[in-house]
Amino acid sequence: MAAVIFLVVVDDGSRDAMSRALERVGHQVRAFPAAQEALAAMQAGEAVDAVVSDVRMPGMDGLELLRQVRAAWPSLPFLLVTAFAEVEDAVAALQEGADDYLTKPVKMQELRQRVQLHLERRALSDENRRLRQRIDKWFGFEGIVGHSRAMEELLERLRVVA
C-alpha cells in the first residue's frame, strides 16, 4: 500500500476543485482559503508533503508564502497556480524557488501529474541523500582507526584528494 501523501492547497477560489482532483488519486488534502492559515498549520507541525498555492490572493500572496515555506522547509515541493499567466511572473516564481507554475483554468489531470512528478522527485532526492550518508559511513574515513600523527596527516591528505 502506498504511503499517504498530505498536500496543502491554498487558493481563494478554485481550492475545492483542485482538492477533489488530488483526493481522487489517493492524496489527503488540506485546503485553506488564505496563505496565513496554511502557514500557521504548517508551523504548528502539520505533516505536509507538497504545497499547491495560488499566486494572487488577499493578504499574503503565493510568492510570500513560497518565501516563508522555502525558509523553513527548503525541499518541500511547491507549485504555484495563477490566472494571470505572464512570462515575467513565471520567471519570478521559479527564481523564488517554486518547483512548478501552472496557469488557470487548471487542467486537473495536469495538476495531478505535476504534483506526482514533484513528489517522486523529492522521494528520489531524499533516498539519494540517505544512501550517500550510508556509503559515507560504511566507506568513509570515519571507519579508519588510527591516532598517530602520521595517520592523521594521511587521513587529512585523503580528505583533500577526495
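Quantities reported herein were computed from a predicted structural model and do not represent experimental measurements. (Residues numbered from 1 in each chain as written. Predicted model: local features only at pLDDT ≥ 70, side-chain atom pairs only at ≥ 80, totals over all residues. Heavy atoms only, no water.)

*Asks:* Give me the lowdown on the environment of Asp49, citing residues and values where you can.
*Replies:* Among the secondary structure elements, Asp49 is positioned in the loop between helix H2 (35-43) and strand S3 (50-54). A residue is classified by how much of its surface remains accessible, and Asp49, at 22% relative accessible area, is partly exposed. Spatially, the C-alpha atom of Asp49 lies 9.7 Å from that of Ser75, the residues being 26 residues apart in sequence. (Helix = DSSP H or I, 4+ residues; strand = E, 2+ residues; numbered from the N terminus. Buried < 20%, exposed > 50% of the residue type's maximum accessible area, 1.4 Å probe, protein only.)

*Asks:* So, unusual backbone geometry: which residues are in play, and what are the values?
*Replies:* In this structure, the amide linkage connecting Lys104 to the following residue, Pro105, adopts the cis form with an omega of 0°. Within the secondary structure, Pro105 is located in the loop between strand S5 (100-103) and helix H5 (108-139).

*Asks:* Pulling in residues and values, what's your account of the nonpolar core?
*Replies:* With 24 residues, the main nonpolar core has Val8, Val10, Val51, Leu65, Val69, Phe78 and Leu80 as its most contacted residues. Contributions of two or more residues to this core are made by strand S1 (6-10), H2, helix H3 (62-72), strand S4 (78-82) and helix H4 (87-96). Sort the elements by how many residues they give to this core and H2 lands first, with 5 residues. Counting 13 residues, the second largest nonpolar core, distinct from the first, contains Leu79, Val106, Leu111 and Val115. (Core = buried A, V, L, I, M, F, W, Y, C linked by side-chain atoms within 4.5 Å.)

*Asks:* Describe in detail the packing of H2 against H3, supporting the description with residues and values.
*Replies:* Put simply, H2 and H3 touch, their axes get as near as 10 Å, and they point 10° apart. Taken together, the axes of H2 and H3 lie roughly parallel to each other. Along its contact with H2, which presents Ala35, Leu39, Met42 and Gln43, the element H3 presents Leu65, Gln68 and Val69. The class makeup of the residues in the contact of H2 with H3 is 5 nonpolar, 2 polar and no charged. (Axes fitted to C-alpha atoms, helices over the stretch in contact; angles between N-to-C directions. Parallel < 35°, antiparallel > 145°, perpendicular 65-115°, else oblique. Contact = heavy atoms within 4.5 Å. Nonpolar A, V, L, I, M, F, W, Y, C, P; charged D, E, K, R; others polar.)

*Asks:* Outline the side chain of Asp54, listing residues and values.
*Replies:* Following the sequence through the fold, Asp54 ends up in strand S3. With near-sequence residues (within four places) excluded, Asp54 lies in contact with Val10, Asp11, Asp12, Gly62, Leu80, Val81, Thr82 and Lys104.

*Asks:* Please provide a residue-by-residue account of the confidence of the model for the chain, values included.
*Replies:* Of the residues in the chain, 89% have a pLDDT of 70 or more, and the chain-wide mean is 85. Looking at the elements of the chain, mean pLDDT is at its lowest for S1, recorded as 75, and at its highest for H3, recorded as 94. (pLDDT = per-residue confidence, 0-100.)

*Asks:* Describe H2, with residues and values.
*Replies:* For H2, the complete set of buried residues consists of Ala35, Ala38, Leu39, Ala41 and Met42. Seen along its axis, H2 keeps its buried residues to an arc of 160°; they face one direction. Directly beyond the C-terminal end of H2, a positive phi value near 105° is found at Gly45. (Arc of directions from axis to C-beta.)

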